[in-house]
Amino acid sequence: MSSSASVTTLSSVDVLILVAYAVAVLGMGLYYVRRSKTAEGFMVAGRSIPAWAAGLAVMSTYTSSISYIATPGKAYETNWHPLIFALALLPATWIAGKYVVSYYRKSKLISVYEFLETRLGGWARFYAALSFLLFMVGRAAVILYLASLLLNTFTPWPIEVVIIILGGITIGYTLLGGMEAVVWTDVLQSVIMIIGLTFCAIYLTADVVADPASSFGALIEGDKFSLGRLDFTLTSRTVWVMIIYGLTENLRNLIADQNYVQKYSATATEEEAKRSLWISASIYLPLNVLFLYLGTMLYAFYDGGRALPAAITKGDEVLPYFIATEVPAVLKGLIIAAILAAAMSTIDSALNCSATVSLIDFYQRYFKPEIGDRTSVLFLRASTLFWGATSTGFALLMIRAKSALDLWWQIAGIFGGGIFGLFLLALLRRSLKPWQGIVGILASIAVIVWATFFRGSEWWQSRLDEILIGAAGTAALLLVAAFFSSVNSLRERIAAEEV
């Protein structure tokens, strides 16, 4: 929604709710300053976070404003196919808990990319850590844009100003309180988000049921609850495409994404780390159903005779418009606070984890291995500020995006595909020479570039669904690695026979 669209004025109670929320999160950042005066305290909260809080924090990383605004927007435009992504979290959680968490805990890793250097070499760690930083900039930018899109509906300021203000608040409390502030504000934000989401669903359902022009039968006939087609094709958003995407992306999140690993690594024991993952999955799945339900009910609401203004051109804009024009005071303030909470809980984690990777995988690894604790904390705070400002800048570029959810899926595929492939190689203990690994990465990048920028109907052009770009890059890396690994094994057998 552009800044030129009409602005809905918030009531004084709604404004008070939002101000109270902003003061609360900044206050938590100030409170935890004293607990983040060491590098370990800033990065993993001294490994003192209980399983339930870590689980809520992991869940909040999943349920950002991408979920709150873009997922209902996608259900409004199409159907319930994003639910397959949420269902794929269950087997991914089981695999991560059974085969990965134990190793990470025993190794006492803070940066998960240290694992790649141990198994594959420094080249793998460098590439994965750099890709992660770019990935986090994209993620934080999309989320900040979506939250600002909503808030812009209620302010007379241009959306650019809203993005900068919201970004500044999030940077402030993350920079002050470190991971402990991130986790406990995530807990607060998760509670607000669940309350706001539930109220919004109840209010919208009551309106739709009471309107004689609305019909659930019409939704079913229109396949609004469909999970997608069962065609065996990778060129459109079928059930199979979503299964591939859901499994690869969820496994990448829980195994190879510092944003998730750092949170469950902040627990005291291995068992609590595993329990936190199941707590996260058990909350995320029903919440995802609610997000999709909201989008479908919005379709029924506006399909029943109520017209959307011409300024609403994207599914991402429908829920903000509904909240602005239909939701009563007080409830409106709670829902807006909930969406802002969902956004900020993801951005704060992205900034903290980006600062952690900047310190451990780059500054400490390549420039100053013996860095002191005080200097480390100063570097972490400076990095938080830098990555926050960078993400805010890129959020300003998101204003022209057609669909934030589609854009986010593409960003995740482009920057995440190669990382996940490297972790699979490391877990499978495939031994590669540095030059072989670099060739594998280049092959992955080449496939990602081809699938992203060379799209069309010609035989040499990519017709893959955009969300499979990351999976295609991962497959390319694994194929090249399998080839080199087989060649290396053959050479070793020949050398052994000659001896």
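## Considering helix α17 (residues 373-397)
Here's step 1: Its 25 residues give α17 an end-to-end C-alpha distance of 37 Å, which sits within 8% of 36 Å, the value for a rise of 1.5 Å per residue.
Here's step 2: When α17 is considered as a whole, its buried residues turn out to be Ser376, Val377, Leu380, Arg381, Ser383, Thr384, Trp387, Gly388, Thr390, Ser391, Thr392 and Ala395.

## A short note on the packing of aromatic side chains
Here's step 1: In this structure the tally under the stated criterion is 27 aromatic pairs.
Here's step 2: Taking 6.0 Å as the distance between ring centres and 70° as the angle between the ring planes, the aromatic pair formed by Tyr113 and Phe423 counts as edge-to-face. Linking Tyr113 in the loop between α7 (101-107) and α8 (114-119) with Phe423 in helix α18 (residues 404-427), this pair joins segments that are 310 residues apart in sequence.
Here's step 3: We classify Tyr113 as buried; its relative accessible area is 0%.
Here's step 4: An angle of 85° between the planes, with centres 6.0 Å apart, marks the rings of Phe126 and Tyr366 as edge-to-face. With a gap of 240 residues between them, Phe126 in helix α9 (residues 122-152) and Tyr366 in helix α16 (residues 331-367) connect regions that are remote in the sequence.
Here's step 5: An aromatic cluster is present here, built from Tyr103, Tyr104, Tyr113, Phe115, Phe132 and Phe423 joined pairwise through their rings.
Here's step 6: Its guanidinium or amino end placed over the ring of Tyr99, Lys98 lies 5.7 Å from that ring's centre, counting from NZ or CZ.
Here's step 7: One Lys or Arg, Arg119, reaches over the ring of Tyr103 and ends 4.9 Å from the middle of that ring.

## A short note on a nonpolar patch on the surface
Here's step 1: On the surface, a cluster of nonpolar side chains totalling about 980 Å² of accessible area is made up of Ile438, Leu442, Ile445, Val449, Trp450, Phe453, Phe454, Trp459 and Trp460.
Here's step 2: Looking at the secondary structure, you find Phe454 in the loop between α19 (434-453) and α20 (469-498).
Here's step 3: Here Phe454 falls in the partly exposed class, since its relative accessible area comes to 39%.

## So, the environment of Arg381
Here's step 1: Among the structural elements, Arg381 can be located in helix α17.
Here's step 2: Of the residues examined, Arg381 reaches a relative accessible area of 17% and is grouped as buried.
Here's step 3: The spatial distance from the C-alpha of Arg381 to the C-alpha of Glu498 is 57 Å, given a sequence separation of 117 residues.

## Overview of helix α6 (residues 89-99)
Three- or four-residue spacings in an α-helix give side chains the same orientation, since the helix completes a turn every 3.6 residues.
Here's step 1: Residues of α6 that are buried include every one of Leu89, Ala92, Thr93, Ala96 and Gly97, and no others. Projected down its long axis, α6 shows its buried positions confined to an angular sector of 125°, all on one face.

## Comments concerning the pattern of salt bridges
Here's step 1: Applying the stated rule across the entire model yields 8 salt bridges.
Here's step 2: Of the charged contacts in the structure, one is a salt bridge between Glu117 and Arg125, with a shortest N-O distance of 2.6 Å.
Here's step 3: Using a relative accessible area of 23% as the deciding quantity, one classes Glu117 as partly exposed.
Here's step 4: Between Asp465 and Arg237 there is a salt bridge; the shortest N-O distance is 2.9 Å. Placement of Asp465 in the loop between α19 and α20 and of Arg237 in the loop between α11 (216-221) and α12 (239-256) is noted, with a sequence separation of 228 residues between them.
Here's step 5: Among the ionic contacts, a cluster of salt bridges with common partners joins Glu117, Arg125, Asp361 and Arg365.

## Focus on the side chain of Thr238
Here's step 1: Mapped onto the fold, Thr238 is located in the loop between α11 and α12.
Here's step 2: Owing to a relative accessible area of 0%, Thr238 belongs among the buried residues under this scheme.
Here's step 3: Discounting chain neighbours no more than four positions away, the residues touching Thr238 are Arg229, Asp231 and Thr233.

## Brief notes about the packing of helix α14 (residues 270-303) against helix α15 (residues 318-326)
Here's step 1: Here α14 crosses α15 at 60°, and the two axes come no closer than 11 Å. When the axes of α14 and α15 are compared, the pair comes out oblique. In the packing of α14 onto α15, the handedness of the crossing is left-handed. Residue-level inspection shows Leu298, Phe301 and Tyr302 of α14 in contact with α15, the latter providing Val318, Leu319, Tyr321, Phe322, Thr325 and Glu326.
Here's step 2: Broken down by class, the residue content of the contact of α14 with α15 amounts to 7 nonpolar, 1 polar and 1 charged.

## Focus: the nonpolar core
The nonpolar side chains of soluble globular proteins are, as a tendency, buried together.
Here's step 1: Within the largest apolar cluster, 158 residues are counted, with the highest numbers of intra-cluster contacts made by Tyr104, Tyr113, Leu116, Ile323, Leu422 and Phe423.
Here's step 2: No other element matches the 21 residues that α9 contributes to this core.
Here's step 3: Dropping the residues within four chain positions of it, Ile323 is found in contact with Leu150, Phe154, Lys332, Ile335, Ile336 and Ile339.

## Side note on the environment of Leu396
Here's step 1: Position of Leu396 among the secondary structure elements: in helix α17.
Here's step 2: Considered as a pair, Leu396 and Ile164 are 232 residues apart in the sequence and their alpha carbons are 8.6 Å apart.
Here's step 3: Discounting chain neighbours no more than four positions away, the residues touching Leu396 are Glu160 and Ile163.

## Section: the environment of Asn250
Here's step 1: As for its placement among the helices and strands, Asn250 is situated in helix α12.
Here's step 2: By relative accessible area, which is 0% here, Asn250 ends up buried.
Here's step 3: For the pair formed by Asn250 and Phe85, sequence separation is 165 residues and the distance between their alpha carbons is 7.9 Å.
Here's step 4: The contact partners of Asn250, leaving out residues within four places of it in the chain, are Tyr62, Phe85, Ala88, Leu89, Ala92 and Tyr245.
Here's step 5: Within the structure, Asn250 has its side chain in polar contact with the backbone oxygen of Phe85 (distance 2.9 Å).

Rules used in this analysis
Residues numbered from 1 in each chain as written. Predicted model: local features only at pLDDT ≥ 70, side-chain atom pairs only at ≥ 80, totals over all residues. Heavy atoms only, no water. Helix = DSSP H or I, 4+ residues; strand = E, 2+ residues; numbered from the N terminus. Expected span 1.5 Å × (residues − 1). Buried < 20%, exposed > 50% of the residue type's maximum accessible area, 1.4 Å probe, protein only. Phe/Tyr/Trp six-rings, centres within 6.5 Å; stacked < 30°, edge-to-face > 60°. Lys NZ or Arg CZ within 6 Å of the ring centre and 35° of its normal. Patch = residues over 30% accessible without salt bridge, like charges linked within 9 Å, V, L, I, M, F, W, Y side chains within 5 Å. Areas by Shrake-Rupley, 256 points an atom, 1.4 Å probe, with all protein chains shown as cover. Salt bridge = Lys/Arg side-chain N within 4 Å of Asp/Glu carboxyl O. Arc of directions from axis to C-beta. Contact = heavy atoms within 4.5 Å. Axes fitted to C-alpha atoms, helices over the stretch in contact; angles between N-to-C directions. Parallel < 35°, antiparallel > 145°, perpendicular 65-115°, else oblique. Left-handed = near helix turned anticlockwise from the far one by under 90°. Nonpolar A, V, L, I, M, F, W, Y, C, P; charged D, E, K, R; others polar. Core = buried A, V, L, I, M, F, W, Y, C linked by side-chain atoms within 4.5 Å. Polar contact = N/O pair within 3.5 Å; in protein donor to acceptor, adjacent residues only side chain to side chain.

Worth remembering: the numbers are spatial, not functional.
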